[in-house]
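Listed below, chain by chain, are the residues.
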Amino acid sequence: MRDGVEFALEPEGSSAEELRGFLKALDGSRTVSELQRGLDTAQQKRFGTLLQDLERFQLLDDVGKVKMRTGSQALLELEDLANALMEKSINRNVFWVSLLGDPERCPKSAFYGLAIENYHFLFRESLFDAPVLPYVGSAKVRQLINEFYCSEYGHDEIIIKAIFALGISREDVEDMMPLAETLALCNALSYWASSDPIFFFATLGVLEGKDPEEDLFIEACEKASLSPKFIKPMRDHSDINRKGEHGNLTRLIFAEIPYVDDLTMARLRRQMRLFVEMYDDFYTAIWNFYSPRTGAELVRRMSTI
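Let us look at the structure shown here. (Residues numbered from 1 in each chain as written. Predicted model: local features only at pLDDT ≥ 70, side-chain atom pairs only at ≥ 80, totals over all residues. Heavy atoms only, no water.)

Turning to the overall build of the protein, a few remarks are in order. Along its length, the protein carries 16 helices and two strands. Looking at the 305 residues of the protein, the share that counts as buried comes to 45%. Sequence separation of at least 24 residues holds for 82% of the intrachain contacts in the protein that already meet a minimum separation of 6. Of the roughly 17000 Å² that the protein leaves accessible, carbon and sulfur atoms contribute 51%. (Helix = DSSP H or I, 4+ residues; strand = E, 2+ residues; numbered from the N terminus. Buried < 20%, exposed > 50% of the residue type's maximum accessible area, 1.4 Å probe, protein only. Contact = heavy atoms within 4.5 Å. Areas by Shrake-Rupley, 256 points an atom, 1.4 Å probe, with all protein chains shown as cover.)

Shown next, in the form of structure tokens:
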């Protein structure tokens, strides 16, 4: 089988035992010429035709050393890459620099914008969590991701209480649409969850955060003297994630992945770059849209399109 397509090749005049022995010898330890020296003329002809057929259908691979690392080792490499990328982008993003650097002078609408777009993100979380629930690679991973899914269910209804504190009604929320960058991030995660679950698992550590001791956003809200009615739901959501150690989920999952080869690792590294770039765009878009707005302007209405 190759790329999901099954092939059946039946060389004429060869017994099953003879064919099995020849295929077993194709282990990369010897060249084709060396293999053929041990065959009689008729066998050389039969198996020469077989090799041509195998090559024609691209069922032969060149010998090469494949570097392997455990899932945990692979994740450490990805975490180092993600941290380096975020240091150059998200950590220097205008949103976080303004909000954490000088929260008292940061526009309050920027805080509110994060809550609103976080709600849109969580409201769509099932779109990108559900595809990995039946993950077949490991029963333990399947258990971990299902437990996470159950614990995450309904988090949008926690965040919506913070939005209600801004004077925005449920009817307003039902008419709201997310920023394009928020929807793009949701769609990308949904695609990765469906097509590349191992990489999707790698994003969870970034999305959920790994620091169990503090939430800098909540601290900034308090320094900015925002309404307790807004802060409390945001803190409740943060506490659930931190106490549940959601940021550690990725490490628990990758500990169950036996190995990651070079090709897979290269793909994970490429996609991590794209993911961090999209996550950075998410925060930039929140700043650009929400920071100059107040009151009813916070609501992006679908009904006005």
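So, about helix H1 (residues 16-25). For an α-helix, the turn length of 3.6 residues means that residues three or four places apart are oriented alike. Within the span of H1, buried status applies to Glu18, Phe22 and Ala25. Each buried residue of H1 lies within a common arc of 60° when the element is viewed along its axis, so the set occupies one face. Away from the buried face of H1 by more than 90 degrees, exposed residues Ala16, Glu17 and Lys24 are located. (Arc of directions from axis to C-beta.)

The tally for this structure, following the rule as stated, stands at 17 aromatic pairs. The interplanar angle of 45° and the centroid separation of 5.9 Å between the aromatic rings of phenylalanine 111 and phenylalanine 217 together place this pair among those described as tilted. Of this pair, phenylalanine 111 sits in helix H6 (residues 108-123) while phenylalanine 217 is found in helix H13 (residues 216-223), placing the two residues 106 residues apart along the sequence. With a relative accessible area of 6%, phenylalanine 217 lands in the buried category. Both rings, one in phenylalanine 275 and one in tyrosine 279, keep their centres 5.8 Å apart while their planes meet at 15°; by these two values the pair is stacked. Placement of the pair is phenylalanine 275 and tyrosine 279 together in helix H16 (residues 262-290), with a separation of four residues, close to one helical turn. Site record: aromatic cluster; members linked through ring pairs are Phe95, Trp96, Trp192, Phe199, Phe275, Tyr279, Phe282 and Tyr283. Between the NZ or CZ atom of arginine 293 and the centre of the ring of phenylalanine 289, over which it lies, the distance is 3.9 Å. (Phe/Tyr/Trp six-rings, centres within 6.5 Å; stacked < 30°, edge-to-face > 60°. Lys NZ or Arg CZ within 6 Å of the ring centre and 35° of its normal.)

Right, let's get into the nonpolar core. With 81 residues, the main nonpolar core has Phe111, Phe201, Met272 and Phe275 as its most contacted residues. For this core, the element with the most residues is H16, which contributes 14 residues. Residue contacts for phenylalanine 111: discarding those within four places in its chain leaves Leu99, Pro103, Cys106, Phe217, Ala220, Cys221, Ala224, Leu226 and Phe230. (Core = buried A, V, L, I, M, F, W, Y, C linked by side-chain atoms within 4.5 Å.)

Turning to the environment of alanine 285, a few remarks are in order. Looking at where alanine 285 falls in the secondary structure, it is placed in helix H16. For alanine 285, a relative accessible area of 10% puts it in the buried group. Remark: the alpha-carbon pair of alanine 285 and leucine 179, spanning 106 residues in sequence, is separated by 7.4 Å. When near neighbours in sequence (up to four residues on either side) are disregarded, alanine 285 contacts Leu179 and Glu181.

Locating threonine 203 in the fold gives a position in helix H12 (residues 197-208). In this view, threonine 203 contacts Leu189 and Phe275; residues no more than four positions away in its chain are not counted.

One pass over the full model with this rule turns up 11 salt bridges. Aspartate 196 is the salt-bridge partner of arginine 267, the closest N and O atoms lying 2.6 Å from each other. With a gap of 71 residues between them, arginine 267 in helix H16 and aspartate 196 in the loop between helix H11 (180-195) and H12 connect regions that are remote in the sequence. On the basis of relative accessibility, which here comes to 7%, the residue aspartate 196 falls in the buried class. In this structure, the salt-bridge partner of lysine 232 is aspartate 236, at a minimum N-O distance of 2.9 Å. With lysine 232 and aspartate 236 both in helix H14 (residues 228-243) and four residues apart, the pair spans about one turn of that helix. (Salt bridge = Lys/Arg side-chain N within 4 Å of Asp/Glu carboxyl O.)

Turning our eyes to something else, we now look at the packing of H12 against H16. Interaxial distance between H12 and H16 falls to 11 Å at its minimum, and their mutual angle equals 40°. Taken together, the axes of H12 and H16 lie oblique to each other. H12 and H16 meet at a crossing whose hand is right-handed. Counted together, Ile198, Phe199, Ala202, Thr203, Val206 and Leu207 of H12 and Leu268, Gln271, Met272, Phe275 and Tyr279 of H16 form the full contact between these two elements. Here the contact of H12 with H16 is built from residues that sort into nine nonpolar, two polar and no charged. (Axes fitted to C-alpha atoms, helices over the stretch in contact; angles between N-to-C directions. Parallel < 35°, antiparallel > 145°, perpendicular 65-115°, else oblique. Left-handed = near helix turned anticlockwise from the far one by under 90°. Nonpolar A, V, L, I, M, F, W, Y, C, P; charged D, E, K, R; others polar.)

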